[in-house]
Protein chains: 2
Amino acid sequence: MNHSALSVVDHQRALFADGMMLECGVALPRMEIAYRTYGTLNADRANAILICHALTGDQYVAERHPVTGRGGWWDMVVGPGLPIDTNRYFVICSNVLGGCMGSTGPRSPRDADGVQPWGTDFPPITIRDMVRAQKRLIERLGIDRLFAVVGGSMGGMQVLDWASAYPESVFAAVPIATAPYHSAQNIAFNEVGRQAIFADQDYKAGRYWEDDSIPARGLAVARMVAHITYLSEEALTRKFGRRQRSTDAAAGISSPFSDMFEVESYLRYQGSSFVNRFDANSYLTITRACDYFDLAAEHGDNLSAAFAGSPTRFCLISFSSDWLYPTAESRVVARALNAAAANVSFVEIASDKGHDAFLLDEPDFHRTLAGFLAGCAEHAGLA
Amino acid sequence: MNHSALSVVDHQRALFADGMMLECGVALPRMEIAYRTYGTLNADRANAILICHALTGDQYVAERHPVTGRGGWWDMVVGPGLPIDTNRYFVICSNVLGGCMGSTGPRSPRDADGVQPWGTDFPPITIRDMVRAQKRLIERLGIDRLFAVVGGSMGGMQVLDWASAYPESVFAAVPIATAPYHSAQNIAFNEVGRQAIFADQDYKAGRYWEDDSIPARGLAVARMVAHITYLSEEALTRKFGRRQRSTDAAAGISSPFSDMFEVESYLRYQGSSFVNRFDANSYLTITRACDYFDLAAEHGDNLSAAFAGSPTRFCLISFSSDWLYPTAESRVVARALNAAAANVSFVEIASDKGHDAFLLDEPDFHRTLAGFLAGCAEHAGLA
C-alpha cells in the first residue's frame, strides 16, 4: 500500500471552515477532525466519554480498522458490558490534529483546491492544540461537559491538558501510563526516530508525496526503536528470549545475517507493517508535539497551579514495568493534584508488560477503570 | 574524513600468516591483530594485564588516538599510579577481530594482493573468535599466563570467555558492566542500529567502499540509539533536562524543527562524530558477535559448567543505574561462579551514570579495581 492508498479511505469528519489559531501563532485556514462514536448520547447530554489516542493510534477504538482490517485498538476496553460500557456511555474518539487518519495534518490539502498537501509546511502543533480541536468537536456534537476523558500515553497527556484547560468541562479524568512532561530520554528516543526518517533518501526533505513515494525504511526504523520502548525487558524475554529462526530466503547461505533472532523478525514486522498505515510527516509532527509537552512549565514550573481549584475527579493509572512513562512520573502528577486539593486516586498496576500494558489484557487495570467510572457515574447522577 | 582516510593510519600489528579457523567454520587465510602495550613485561613474564575493549572501543587505551586526536578511552584507569598501574603491570590491548582499527575485519584486504576488502563477505565472528585471536597475540608476545584480563561491556564478555576457555592462562578476571548472554532487549537495540545502516542508500548492500562512500546517516542513527542505552535516564536528565537551544541555521524560521532540545543536539553530535572513526560493516559484524554471545548455551545451559574447577580469581563489577547490562545479569554470573566453587567477589557500584559509568570518573569503581588487582598481585607473588 502506498501513500495515496492511505488517502482513499472515507473517514467520518467534522469540518470547521473557519479553521483554528494554533499555539505557534499560525492560523489553520480550515480544519477537519475525523472521529468515531459508539453508544448513545442521553437526553441530558451528560454521558459522553472522550477517548484520547496515543502517538500512532487513531479514532478506530472499537471496530475494524478500515486500513489495516484489524480490530479496534481498545476492543478489550470499549464496548457493551466492557469497562467503558457503550450500553451506558456515549463514547467519542477523534483522530488528533496533525494525524493521518482524516484529521487535518501534514497529509491534508493546504488550500481549498485540495491539491497540494501541507507536507513539511504543516505548522508545529502542541498537545494543547490537539485538545482545543477536540473541544471544538465536542461543542459541535452539542456537549458542554464530558462525563470523562480517558487516554493512555500521549492520550494521557491530552487528558491532563483537558483537565487543566477546561476543568468545568471534565467531570472525571483518567490519565493512564503518562507523564506531565517529556523527559530527556523520551525526547532522545523520539529524536532517533526522526533522524531515521530524515536519513531515508525517499524522505526527499519531506516532499515524498510529490512522486507518491514514502520513506518506508526510515519510518520502519523509527517504529522499531519506539516499539522497544513500549515493551519491558521482561516482556521481550518472555516473548522471544534468544530464540532463533532461519529465514527461507537465506537458507543455506553462510552470512552473519542468515539466521535471525525471533525478536529481530518481530521488530522488522512491526516496522514494515507500520509504514502502510502512518504518514512520516505526521510522525514527525506528533512526536514533536509530545516533546514540547510540559504542563508545569506553562504554570511557572508549578504543576499544582495547572489544576488549581479543579472540580474534576482524577484516577491516575501507571504500570509497574513501564520504563517509558514510569510510575514515578504519575506520582509527580498525584502529588501536584493533592497539593491542589483535587479529588485524586492513584493506582499502580503490577504488570511485567511494560508501557504497552494499557493496550493489553490486564484484568486489574480493566477492573480499576470500570470501578472508577461506575463510582463517578453515581456521583454524577447518571442512571 | 572518508573511508579511505581511516585506512592510512599506521597501526602496530602482529601478522599471523597462517590465519585462523573461525567458529563458523570459515578459515581466515591470514590474520592481523593491531595492539598497543604500556609498561614493561617483567623477567618472569608474569605481570601482563590484557584489557578487552567494548563495541566501539579500540587498542588506544591510554594515549592520544591517531584518528580522533582525543585522549585514550581509559586514561583515568590505565597509567602510572592509576588503578591499572603501568609502573607495575605490562598492559596489552588489541583491536578485536572484526574491528576497524587495524585488526583483520571487513575493511581488511581479502587477498594477499591487498586490493579488495572483505566487506560483507567477512565471515560471522563470535566473542570466542575475538578471544582466540587475543590468545594468539599473547603467545606471540611470549606470555603463557596473564596476570589479569579486564574489560567492560563487550570487553567483559571477552573476559568471561577468556576465563572459561583458558582458565590456566588467567590468574585474575575482572568482567565489568557485562552479562553472560545478550538479552532480547540488547539484541533488539542492536537490530535497530543494523536496520538503520541497511536503510541508508549509501550502504549499497555493504559495497560502499567501492566508491569511497560511507553510510554516514544510517551509522549515525545506529550510534544515537546505542548511545541512549549507555546513559541512565537520571544522567540524561541531569545533563540536558528539557533545555532548548536555537540553531543558527534555523534562526527566525518557524518550523517544528527550528528549535532543538539540547539532548537532540548532543545525540546528533555523537552520531556524526562516530561515522568518521568507525566502519559500518565492522559495526554490523561486531554487534552480531555480541548478539550471538551466550556462555551458558555452550555448556548445556549451565553457566556454572563454563567455570568448572576454575583457578581464576574473579571480581565482578556492575553499576546500579546500568539498564543495558543490569546488576541482575552480573548476579547470574556471581551465582554460577559460586556454584562452581570459584573465587569470586561481586561489587555493585552506586552510580547514576548508567552503563557509561565504567568509562567515567567513578572513584569507588577505581578503588575497587585497584584494590582487587593489588590483592591478586600479592597472591601471585608479584613484587
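Residues numbered from 1 in each chain as written. Chains lettered and ligands numbered in written order. Predicted model: local features only at pLDDT ≥ 70, side-chain atom pairs only at ≥ 80, totals over all residues.

Q: Would you take a moment to explain the overall build of chain A for this structure?
A: From N to C terminus, chain A includes ten helices and 14 strands. Over its C-alpha atoms chain A spans a radius of gyration of 21 Å, differing by no more than 12% from the 21 Å that the globule rule assigns to 383 residues. Projected onto the principal axes, the alpha-carbon positions of chain A cover approximately 70 × 50 × 40 Å. The proportion of buried residues among the 383 residues of chain A is 55%. (Helix = DSSP H or I, 4+ residues; strand = E, 2+ residues; numbered from the N terminus. Rg over C-alpha atoms; globule rule 2.2 N^0.38 Å. Buried ≥ 20, exposed ≤ 12 C-beta atoms within 10 Å, placed from the backbone.)

Q: Could you clarify how one ought to interpret the relation of the copies chain A and chain B in this entry?
A: The pair of chain copies shares a relation made of a rotation about an axis and a shift along it. Note on the copies: chain A fits chain B at an RMSD of 0.0 Å, the axial shift is 0.0 Å, and the rotation between them is 180°. Taken together, the turn and the small shift mark the pair as related by a two-fold rotation axis. Interface overlap between copies is the fraction of interface residues in one copy that are interface residues in the other; for chain A against chain B it reaches 100%, indicating a shared surface. (Least-squares fit on C-alpha atoms with pLDDT ≥ 70 in both. Contact = placed C-beta atoms within 7 Å.)

Q: Help me understand helix H4 (residues 184-199) of chain A in this model?
A: Every α-helix winds through 3.6 residues per turn, so residues three or four apart in the chain are directed the same way. Taking 1.5 Å of rise per residue, the 16 residues of H4 of chain A would be expected to cover 22 Å, and the 22 Å separating its terminal C-alpha atoms lies within 8% of that figure. Within H4 of chain A, 15 of the 16 residues are buried, which leaves it mostly tucked inside the rest of the structure. (Expected span 1.5 Å × (residues − 1).)

Q: Teacher, can you tell me more about the confidence of the model for chain A here?
A: Low pLDDT marks regions whose predicted coordinates should not be analysed in detail. Residue and element names in this part refer to chain A. When pLDDT is averaged along chain A, the result is 93, and 95% of the positions lie at 70 or above. In this model residues 1-5 is a low-confidence stretch, pLDDT under 50, and it forms eight contacts with partners more than four residues away in sequence or in other chains. Within the model, the stretch residues 249-257 combines pLDDT values under 50 with nine contacts to residues more than four positions away or in other chains. For this predicted complex, the interface confidence score (ipTM) comes to 0.92, while the overall pTM stands at 0.94. (pLDDT = per-residue confidence, 0-100.)

Q: Please explain helix H5 (residues 216-230) of chain A as it appears in this structure.
A: Between its first and last C-alpha atoms H5 of chain A spans 21 Å; for 15 residues at 1.5 Å apiece the expected length is 21 Å, and the two agree. Counting buried residues along H5 of chain A, 14 of its 15 residues qualify, which places the element largely inside the surrounding structure.

Q: Looking at this structure, how should I read the packing of H4 of chain A against H5 of chain A?
A: Packed helices, taken two at a time, are described by their axes: the angle between them and the distance between them. Residue and element names in this part refer to chain A. Between H4 and H5, the least distance of the axes is 7 Å, while the angle of their chain directions is 165°. In this view, H4 runs roughly antiparallel relative to H5, as classed from their interaxial angle. Here H4 and H5 pass one another in a crossing that is right-handed. Residues Phe 189, Val 192, Gly 193, Ala 196, Ile 197 and Ala 199 of H4 form the contact with H5, whose own contacting residues are Gly 218, Leu 219, Val 221, Ala 222, Val 225, Ala 226 and Thr 229. Tallied by class, residues from the contact of H4 with H5 come to ten nonpolar, three polar and no charged. (Axes fitted to C-alpha atoms, helices over the stretch in contact; angles between N-to-C directions. Parallel < 35°, antiparallel > 145°, perpendicular 65-115°, else oblique. Left-handed = near helix turned anticlockwise from the far one by under 90°. Nonpolar A, V, L, I, M, F, W, Y, C, P; charged D, E, K, R; others polar.)

Q: Help me understand the sheet that holds strand S13 (residues 313-319) of chain A, please; the structure alone is not making it clear to me.
A: Strand pairs in the sheet, formed through backbone hydrogen bonds, run parallel or antiparallel to each other. All names here are of chain A. Taken together, the eight strands give an open sheet; going across it, the order is S1-S4-S8-S5-S9-S10-S13-S14, and neighbouring strands pair in mixed fashion. Only two strands of the sheet have a single neighbouring strand rather than two, namely strand S1 (13-16) and strand S14 (343-349). For this sheet the average axis-to-axis angle between neighbouring strands, irrespective of direction, equals 20°. Examined bridge by bridge, S1 and strand S4 (residues 31-38) share four bridges and lie antiparallel to one another. Across the sheet, residue Phe 16 finds its bridge partner in S4, namely Met 31. (Pairing = 2+ DSSP bridges.)

Q: Teacher, can you tell me more about the pairing of strand S14 (residues 343-349) of chain B here?
A: Every regular strand shows the same layout, with side chains that alternate between the two sheet faces. Residue and element names in this part refer to chain B. In the sheet, strand S13 (residues 313-319) pairs with S14 via seven bridges, with the strands oriented parallel. Across the sheet, the residue bridging to Phe 319 is Ile 349, located in S14. After leaving S13, the chain enters helix H9 (residues 327-339) and then returns to the sheet as S14, a path that is right-handed. (Right-handed = clockwise from strand over helix to strand, strands pointing away.)

Q: What am I meant to see in the interface of chain A and chain B here?
A: How big an interface is tends to be expressed through the accessible area that disappears when the partners come together. Taken together, the contact between chain A and chain B spans 39 residues of the former and 40 residues of the latter. Those elements that provide at least two residues to the side of chain A that touches chain B are H4, H5, helix H6 (233-239), helix H7 (262-274) and helix H8 (280-292) of chain A. Looking at the side of chain A that touches chain B, the element that brings in the most residues is H4 of chain A, giving ten residues. Of the residues contributing to the side of chain A that touches chain B, the split by class is 21 nonpolar, nine polar and nine charged.

Q: What should I look at first to understand the environment of Gly 271 of chain B in this one?
A: All names here are of chain B. Tracing the backbone through its elements, the reader meets Gly 271 in helix H7 (residues 262-274). Along the backbone, Gly 271 and Val 221 are 50 residues apart, and their C-alpha atoms lie at a distance of 6.3 Å. If we skip the residues at most four places from it in the chain, Gly 271 touches Ala 220, Val 221, Arg 223 and Met 224.

Q: What is the right way to look at the sheet that holds strand S5 (residues 48-52) of chain B in this model?
A: All names here are of chain B. Pairing in this open sheet of eight strands is mixed, and the strands run S1-S4-S8-S5-S9-S10-S13-S14 from one edge to the other. Each end of this open sheet is capped by a strand with a single partner; those strands are strand S1 (13-16) and S14. Across the sheet, the mean angle from the axis of one strand to that of its neighbour is 20°, orientation sign disregarded. With respect to the sheet, helix H3 (residues 154-165) is in contact with S5, strand S9 (146-152) and strand S10 (170-176), its orientation differing from that of S10 by roughly 150°.

Q: Just checking my understanding: could you explain the nonpolar core for this structure?
A: Most often, soluble globular proteins have nonpolar side chains that are buried together. With 251 residues, the main nonpolar core has Ala 148 of chain A together with Ala 148 of chain B as its most contacted residues. If near-sequence neighbours (up to four positions away) are discounted, Ala 148 of chain A is found in contact with Ile 49, Phe 171, Ala 172, Ala 173, Val 174, Leu 373 and Cys 376 of chain A. (Core = buried A, V, L, I, M, F, W, Y, C linked by C-beta atoms within 7 Å.)

Q: Just checking my understanding: could you explain the environment of Leu 137 of chain B for this structure?
A: Residue and element names in this part refer to chain B. In this fold, Leu 137 is placed in helix H2 (residues 127-140). Classification of Leu 137 by C-beta neighbours within 10 Å gives buried; the count is 21. It is 7.1 Å that separates the C-alpha atoms of Leu 137 and Ala 14, two residues lying 123 residues apart in sequence. Other than its neighbours up to four places away in sequence, Leu 137 contacts Ala 14, Ile 33, Tyr 35 and Ser 94.

Q: Any chance you could explain the domain arrangement of chain A here in plain terms?
A: Residues and elements named next belong to chain A. With domains assigned, chain A is organised as domain 1 (3-183 + 294-380) and domain 2 (187-284). For domain 1 versus domain 2, the separation of C-alpha centres amounts to 27 Å. With 25 residues of domain 1 at the interface, the matching set in domain 2 holds 17 residues. For the side of domain 1 that touches domain 2, the class distribution of residues is eight nonpolar, 13 polar and four charged. (Domains from an automatic or database assignment.)

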